[in-house]
Each structure stands twice: as C-alpha cells, then as structure tokens.
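# Notes for the structure review
Chain by chain, the residues:
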Amino acid sequence: STGYYYIAGGGGGGNVRAAGTAGAGGKGGGGNGCIDSGSSAGDGVANTGSGGGGGGNNVTHEGNGGKGVCIVKYRTSEITATGGNNTYVVGDYTYRKFTSSGTLTVNSGTGKYDVLLIAGGGAGNDGAGGAGGVVFRNGLQINSWEELGT
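What counts, and at which threshold
- Residues numbered from 1 in each chain as written.
- Predicted model: local features only at pLDDT ≥ 70, side-chain atom pairs only at ≥ 80, totals over all residues.
- Heavy atoms only, no water.
- Helix = DSSP H or I, 4+ residues; strand = E, 2+ residues; numbered from the N terminus.
- Buried < 20%, exposed > 50% of the residue type's maximum accessible area, 1.4 Å probe, protein only.
- Pairing = 2+ DSSP bridges.
- Axes fitted to C-alpha atoms, helices over the stretch in contact; angles between N-to-C directions.
- Phe/Tyr/Trp six-rings, centres within 6.5 Å; stacked < 30°, edge-to-face > 60°.
- Lys NZ or Arg CZ within 6 Å of the ring centre and 35° of its normal.

Among the secondary structure elements, Gly-23 is positioned in the segment before strand S1 (69-75). Relative accessible area serves as the criterion here: at 28%, Gly-23 is assigned to the partly exposed category. Between the alpha carbons of Gly-23 and Cys-34 there is a distance of 7.4 Å; along the sequence they are eleven residues apart.

The strand order across the open sheet formed by five strands is S3-S4-S1-S6-S7, and the pairing between neighbours is antiparallel. The sheet terminates laterally at strand S3 (86-90) and strand S7 (134-142), the two strands that pair on one side only. Sheet twist, expressed as the mean angle between neighbouring strand axes with direction ignored, is 20 degrees. Taken together, the six bridges between S1 and strand S6 (residues 111-118) define a ladder with antiparallel strand orientation. Within S6, the residue paired with Lys-73 across the bridge is Asp-114.

Right, let's talk about the packing of aromatic side chains for a bit. Per the counting criterion, the structure on display carries zero aromatic pairs. The residue whose ring lies beneath Lys-73 is Tyr-93, and the NZ or CZ to ring-centre distance is 4.4 Å.

This is the structure in structure tokens:
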C-alpha cells in the first residue's frame, strides 16, 4: 500500500477503429474506454467523482460518470452530530460520509470542521468522461444546533 487514496479519475478514451485499443480509466475509479462494434465502456466508480469511459461508433454503452461524495471531519471530543450515510471514528476525529443529499445536525458542542466535496464525474461519449471537481475547506467554524445541508 502506498498510503494514497485516489479519487476522481478520468474516464478512458474510446476508439472508433476496431484494430486499435481503448484507453484505461484513470486512477481513482475512471471507467475504461471501449472499441467500436457492440462493446460497452466502463462506468465510473460510484461516490468517487470519476469519469465514465468513452466509446466509438455503434457501442452498446458509453460509461456513466461516478456519483460524487461529501465528507465532513471534526474532533469527536468537541462536537456531537448526526447525519450522513456512513460514520467513521479514527483517532480523535469523526468522519461523516454523505453519498446522497442529507443534513449534518450538530447536537452539541462548538468547534472547527473540514469538508471534502467531490462532484460527480462526466459521462463518456465519443470521448472520455471527465472527472468531477474537488473542493476542500478546512478550519470552518460550527456551533451547537447548526445544520449543514449537503
């Protein structure tokens, strides 16, 4: 293991020439491209913001982009909150992962939080689908009884 987690990989390029090769999806979940004549391009991996693979002429499926994700991190000792599809506690921090629309509700405490937002990737077509955008904000202030919509 390298210690890295890849996100938002671009989709692999398609090929309209049957004799050629299609491109591989980028690290972070990009869908593979496909060659012409009835083949299917790969979809981007869900909740990574990765792009779908591209296709050529007469393909059966051009890859869909992967959906995005929002991750909120805060100190467990400072804030008590609910929300998100998954919750992880690692060391002194709680991570709340949102894979669909939702609300982070702060039940008690005051402190700072970080947000990582990865937008959904683009679908492949004759060319490869692009990766979703990434926004990271850290050190944001939140107070008891506040809500954040995702």
